[in-house]
Amino acid sequence: MNLNYFKEKSFFVIKVISIVAIASAIGLELWHIQALATNNYLPIILNRVLIIAHFALSAHFIEGIIAAFYAPGKNHQPIQYGIYTFFVGTIGLLELFENHSQITDFLNKSESKP
């Protein structure tokens with residue numbers, strides 16, 4: 001089995017799970033905001049899930065901003081790629097920097113120095 005095939009399939013599965021999880025986190029946040037606005041409360045069991053949702057949304061938001069910042073240099077539309085990366089997470093950043101990684105270029109230059 002080809003390692004590249006495994007990588008593509010695992011990326012696809014992670015993307016699908018990430019999109020569903022982020023969409024659910026957005027829905028939970030909207031429910032929480034609506035509950036606060038109407039002086040209601042979410043069920044107690046959802047408090048921990050809400051904390052995880054806050055963290056996930058914050059992390060994905062930061063990844064989306066990073067992707068939007070670097071997308072023009074990789075011939076992508078910034079807003080479109082930022083939104084894509086917001087929903088798929090780190091996989092979007094990995095795809096953006098694949099074969100063009102500035103870190104890899106830096107490491108290759110530092111290894112070639114005597």
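To be clear, the structure that these remarks concern was listed above.
Presented here is a report on the structure given in the accompanying data block.

The rules behind the values
Residue indices follow the written sequence of each chain, beginning from 1 at its first position. Restriction of local features to residues with pLDDT of at least 70 applies here, the model being predicted, together with a cutoff of 80 or more for giving and counting side-chain atom pairs; totals for whole chains, interfaces and linings are based on all residues. The side-chain figures draw on all heavy atoms in the structure; neither hydrogens nor water molecules are used. By definition, any uninterrupted DSSP run of H or I lasting at least four residues is a helix, any uninterrupted run of E lasting at least two residues is a strand, and each is numbered from the N terminus. Under the scheme applied here, a residue whose accessible area is under 20% of the maximum for its type counts as buried, over 50% as exposed, and between as partly exposed, the area being computed with a 1.4 Å probe on protein chains only. Contact criterion: two residues are considered in contact whenever any of their non-hydrogen atoms come within 4.5 Å of each other. Note on areas: Shrake-Rupley, 1.4 Å probe, and residue coverage restricted to the protein chains presented here. Each Phe, Tyr or Trp ring, with Trp reduced to its six-membered ring, pairs with another whose centre is within 6.5 Å; inter-plane angles below 30 degrees give stacked pairs, above 60 give edge-to-face pairs, and intermediate values give tilted ones. Every case where a carboxyl oxygen of Asp or Glu lies within 4 Å of a side-chain nitrogen of Lys or Arg is listed as a salt bridge.

### Here's the deal with the overall build of the protein
Link 1 in the chain: If you tally the helices and strands in the protein, you get five helices and zero strands.
Link 2 in the chain: Going from the N terminus to the C terminus, the protein shows its helices and strands as α-α-α-α-α.
Link 3 in the chain: Out of the 114 residues in the protein, the part that is buried amounts to 26%.
Link 4 in the chain: Look at the contacts in the protein between residues 6 or more apart in sequence, and 56% of them connect residues 24 or more apart.
Link 5 in the chain: Carbon and sulfur atoms form 68% of the exposed surface of the protein, whose accessible area is close to 8,600 Å².

### Looking at the environment of Ile-51
Link 1 in the chain: Looking at the element boundaries, Ile-51 is found in helix H2 (residues 46-70).
Link 2 in the chain: Remark: the alpha-carbon pair of Ile-51 and Ala-25, spanning 26 residues in sequence, is separated by 9.9 Å.

### So, unusual backbone geometry
Link 1 in the chain: Positive phi is not limited to glycine here, since Asn-39 has a value of about 55 degrees.
Link 2 in the chain: Assignment of secondary structure puts Asn-39 in the loop between helix H1 (3-37) and H2.
Link 3 in the chain: Unusually for a residue other than glycine, Asn-75 sits at a positive phi of about 60 degrees.
Link 4 in the chain: Residue classification places Asn-75 among the exposed residues on the basis of a relative accessible area of 74%.

### Remarks on the packing of aromatic side chains
Link 1 in the chain: Applying the stated criterion to the full structure yields four aromatic pairs.
Link 2 in the chain: Taking 5.3 Å as the distance between ring centres and 70 degrees as the angle between the ring planes, the aromatic pair formed by Tyr-70 and Phe-97 counts as edge-to-face. Note that Tyr-70 is positioned in helix H2 and Phe-97 in helix H4 (residues 90-97), a separation of 27 residues in sequence.
Link 3 in the chain: Since its relative accessible area comes to 30%, Tyr-70 is described here as partly exposed.
Link 4 in the chain: Connected via pairs of aromatic rings, a cluster forms that spans Phe-69, Tyr-70 and Phe-97.

### Describing the pattern of salt bridges
Link 1 in the chain: What the rule picks out here adds up to one salt bridge.
Link 2 in the chain: Among the ionic pairs, Lys-15 bridges to Glu-95, the shortest N-O distance being 2.6 Å. Of this pair, Lys-15 sits in helix H1 while Glu-95 sits in helix H4, placing them 80 residues apart in sequence.
Link 3 in the chain: On the basis of relative accessibility, which here comes to 25%, the residue Glu-95 falls in the partly exposed class.

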